[in-house]
Amino acid sequence: MIILNELKQCKTFQCISDKTLEKLCLIGEKTAFKKGQHIFRDKDFIDSIYVVYSGKVSLYKLNEAAHKKVIFILGEGNIVNEVVLEKMKASISCEMFDDGELFVFDRNKFIRIMSEDFELTKQVIGTLSLKVRRLYRQMKNSTPLKIEKRLAAKLWKLAKDYGVEEDGETIINLKISITYLSDMFGMPRETISRALKILEKEGLIRKDKRKFIVKDKEKLSNYFKSL
């Protein structure tokens, strides 16, 4: 069972009435997961709806060469698998990006509560809409931009979502390796490494203790938007 105040702290449920939140508390539980642990895999049947309470999750697909292509990194307050409402197999894999806790709700009971509270339904639809918009942007940035420009766009987005401002720079507050960046693009590590060197040479980013630092977000934005 979930504690009411824990749901109230979650951005997904901040606009939902206490009456509905109390119902959600009764049908869910808060579960701890370790970094790298899978929540579900592509083609799995899922009977639960997951919401990130703490930590982050990574949603990815495997390409024909069985190489990961990370689609999203979702942080606190995000609904992980809205598409489970369609009662279909999972169309993507989900694993923990770092240690964290997820709210886990019974699918059928969650849908029943949605039918009783339109605000909850709107919240679920809204989070799904944001993901669709992000996918459209990813499609726009996939071709024909050079990899260094695509990488610049990705780092700018990560800086926007997870950035910490310090001394005029933006530290991306995620421990991301070059290998993980290659997973985000579904490309060889060597390709991403070369692209990073180009961005460093341009004076747009630097790396320090497994964290990437954007030296100027506006310059980085202008770089990937330029032809």
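Residues numbered from 1 in each chain as written. Predicted model: local features only at pLDDT ≥ 70, side-chain atom pairs only at ≥ 80, totals over all residues. Heavy atoms only, no water.

Going by the annotation in an unreviewed UniProt entry, the name recorded for the protein chain is Crp/Fnr family transcriptional regulator, with Clostridium sardiniense given as the source organism.

(A) The arrangement of the overall build of the protein chain in detail. Secondary structure assignment for the protein chain yields eight helices and eleven strands. Against the 2.2 N^0.38 benchmark of 17 Å for 227 residues, the protein chain shows a C-alpha radius of gyration of 19 Å, consistent with a compact globule. For the C-alpha atoms alone, the extent of the protein chain along its principal axes is close to 55 × 40 × 30 Å. Relative to its full complement of 227 residues, the protein chain shows a buried share of 48%. A sequence separation of at least 24 residues applies to 71% of the contacts in the protein chain between residues at least 6 apart. Carbon and sulfur atoms make up 52% of the accessible area of the protein chain, which totals about 12,600 Å². (Helix = DSSP H or I, 4+ residues; strand = E, 2+ residues; numbered from the N terminus. Rg over C-alpha atoms; globule rule 2.2 N^0.38 Å. Buried < 20%, exposed > 50% of the residue type's maximum accessible area, 1.4 Å probe, protein only. Contact = heavy atoms within 4.5 Å. Areas by Shrake-Rupley, 256 points an atom, 1.4 Å probe, with all protein chains shown as cover.)

(B) Layout of the UniProt feature "domain: Cyclic nucleotide-binding" (unreviewed entry) in the protein chain. According to UniProt, the feature "domain: Cyclic nucleotide-binding" (unreviewed entry) maps to residues 12–131 in the numbering used here. Within residues 12–131, the helical portion is 28% and the strand portion 33%, while the C-alpha atoms at the span's ends are 14 Å from each other. (UniProt positions renumbered as here; feature names shortened; annotations may be inferred.)

(C) Highlighting the pattern of salt bridges. Under the counting rule described, the total for this entry stands at eleven salt bridges. Measuring nitrogen to oxygen at the nearest pair gives 2.4 Å for the salt bridge that ties aspartate 161 to lysine 157. Of the two residues, aspartate 161 and lysine 157 are both situated in helix H5 (residues 147–162); the distance of four residues between them amounts to about one turn of the helix. Its relative accessible area of 18% is what places lysine 157 among the buried residues. The closest approach of N and O atoms between arginine 206 and glutamate 169, which form a salt bridge, is 2.8 Å. Highlighted residues: arginine 206 in strand E10 (residues 205–208) and glutamate 169 in strand E9 (residues 169–172), separated in sequence by 37 residues. By relative accessible area, which is 16% here, glutamate 169 ends up buried. (Salt bridge = Lys/Arg side-chain N within 4 Å of Asp/Glu carboxyl O.)

(D) Broad picture of a positive patch on the surface. Together, Lys35, Lys175, Arg189, Lys207 and Arg210 line one region of the surface with positive charge. Its place among the elements puts lysine 175 in the loop between E9 and helix H6 (178–185). According to the relative accessible area criterion, lysine 175 is exposed, its value standing at 55%. (Patch = residues over 30% accessible without salt bridge, like charges linked within 9 Å, V, L, I, M, F, W, Y side chains within 5 Å. Lys, Arg positive; Asp, Glu negative; His and termini not counted. Charge placed at Lys NZ, Arg CZ, Asp CG, Glu CD.)

(E) Fine view of the side chain of serine 58. Within the secondary structure, serine 58 is located in strand E4 (residues 57–62). Look at serine 58 and you get buried, because its relative accessible area is 1%. Reaching out from serine 58, the side chain makes a polar contact with the side chain of tyrosine 180 at a distance of 2.6 Å. Serine 58 has contacts with Val70, Phe72, Ser93, Cys94, Glu95, Phe97 and Tyr180, leaving out every residue within four places of it along the chain. (Polar contact = N/O pair within 3.5 Å; in protein donor to acceptor, adjacent residues only side chain to side chain.)

(F) Focus on the environment of tyrosine 136. Inspection of the secondary structure puts tyrosine 136 in helix H4 (residues 118–142). For the pair formed by tyrosine 136 and valine 84, sequence separation is 52 residues and the distance between their alpha carbons is 21 Å.

(G) Structural detail: helix H8 (residues 217–225). Three or more residues of H8 are buried, namely Leu220, Ser221, Tyr223 and Phe224. Around the axis of H8, the buried residues are gathered within 160 degrees of arc, so they sit on the same side. Projecting away from the buried face of H8 at angles above 90 degrees are the exposed residues Glu218, Lys219 and Lys225. On its buried side, H8 packs onto H5, helix H7 (189–201), E10 and strand E11 (211–214). Measuring from the backbone nitrogen of glutamate 218 back to the side-chain oxygen at the start of H8 gives 3.0 Å, which picks out aspartate 216 as the cap. (Arc of directions from axis to C-beta.)

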